[in-house]
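So you can see what is in the structure, the chains are spelled out below.
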Amino acid sequence: MILQDLYSTIWRLFSSSPETAAQAALHDDHTAPVQNEVLRKARPQIVGPDSGPEAPFPIELSGAVQRGFGRGGKDLGCPTANLPDESLPPISSVARTGVYYGFAQVSARKDGSKLLPDEDAKVMPMVMSLGWNPFYKNERLTAEVHIMHDFKSDFYGHDLKVIVLGYIRPELDYVSREALIQDIQTDIKVALNSLARPAYEKFKSDPLFIRSP
Ligand SMILES: Cc1cc2nc3c(=O)[nH]c(=O)nc-3n(C[C@H](O)[C@H](O)[C@H](O)COP(=O)(O)O)c2cc1C
């Protein structure tokens, strides 16, 4: 917790204004602080209380996987599944933009028109970016989920269920693609460390995932 507090303080000092990230997200220009060495070095390796998710988490999201711009896999080595706009209010109405962690499950399309191998349909750890992607200057708020699993098939059009258990960091702008890639790799490690605790791991068997889609 002390490291997390230190990180938030440093982030506030380096951000261009003292307002919260939630307020900043409402701005028309969708700007974000630029990542720098001080912020990078201050990153904690585990986040959220050991006792388990605290309000407003857990937050459940679900919808059919949408195609993004396709840069996640190609440019960043980190494929993402975008959630549809109408699935976002449960998180966009209560939480700020930034990077989150939790569990996700892809389940086969209901009409049976596309198959999904069993190994791709398990509940897996995920990191999610909720925001405007300042590095790519997007015009729309998106929720992009990166699932820590090597998928055998593509999951576009299949159902995606997500349980968000905690917040990792605010959304940032980057001076280079490499710096963004480095931060995403750290996000993945932080998520895996944070989810390995029993009070978080138990959400893998949450009824959201057990119910048939
Ligand atoms: C864990 C994670 C963290 C991210 N953090 C940021 C960020 O801080 N700033 C940013 O501009 N984009 C961030 N992104 C978003 C990437 O820019 C985005 O995934 C990329 O633009 C691919 O989008 P596309 O598939 O729609 O092309 C993050 C993505 C992930 C998966």
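Residues numbered from 1 in each chain as written. Predicted model: local features only at pLDDT ≥ 70, side-chain atom pairs only at ≥ 80, totals over all residues. Heavy atoms only, no water.

A. Examining the site of the ligand more closely. Taken together, 23 residues lie near the ligand, and F69, R71, F135, E144 and L172 sit nearest. Contact distances for the ligand include 3.5 Å between an oxygen atom and a side-chain N or O atom of T80. Between the ligand and N133, the relevant distance is 3.4 Å, taken from an oxygen atom to a side-chain nitrogen or oxygen of the residue. At the level of secondary structure, the elements contributing two or more residues to the shell around the ligand comprise α4 (71–76), β4 (124–131) and α6 (177–195). Partitioning the shell around the ligand into residue classes produces 12 nonpolar, 6 polar and 5 charged. (Near = heavy atom within 4 Å. Polar contact = N/O pair within 3.5 Å; in protein donor to acceptor, adjacent residues only side chain to side chain. Helix = DSSP H or I, 4+ residues; strand = E, 2+ residues; numbered from the N terminus. Nonpolar A, V, L, I, M, F, W, Y, C, P; charged D, E, K, R; others polar.)

B. Structural context of the packing of aromatic side chains. Within the structure shown, the criterion is met by 6 aromatic pairs. For the ring pair Y100 and Y167, a centre distance of 5.2 Å and an interplane angle of 65° mean the geometry is edge-to-face. On the criterion of sequence distance, the pair formed by Y100 in strand β3 (residues 98–107) and Y167 in strand β6 (residues 159–169) is long-range, its members being 67 residues apart. In this structure, Y100 and Y167 share a single accessibility class: buried. (Phe/Tyr/Trp six-rings, centres within 6.5 Å; stacked < 30°, edge-to-face > 60°. Buried < 20%, exposed > 50% of the residue type's maximum accessible area, 1.4 Å probe, protein only.)

C. Summary view of unusual backbone geometry. Residue P56 is reached from A55 by a cis peptide bond, and omega for that bond is 10°. Looking at where P56 falls in the secondary structure, it is placed in the loop between α3 (37–41) and β1 (59–64). In this structure, P58 follows F57 across a cis peptide bond, with omega equal to 0°. Of note, P58 is situated in the loop between α3 and β1. The phi dihedral of N133 falls on the positive side, at around 45°, and the residue is not glycine. Considering the arrangement of structural elements, one finds N133 in the loop between β4 and β5 (142–147). Unlike most non-glycine residues, K137 shows phi in positive territory, near 50°. Structurally, K137 is set in the loop between β4 and β5. The class of K137 is exposed, set by a relative accessible area of 60%.

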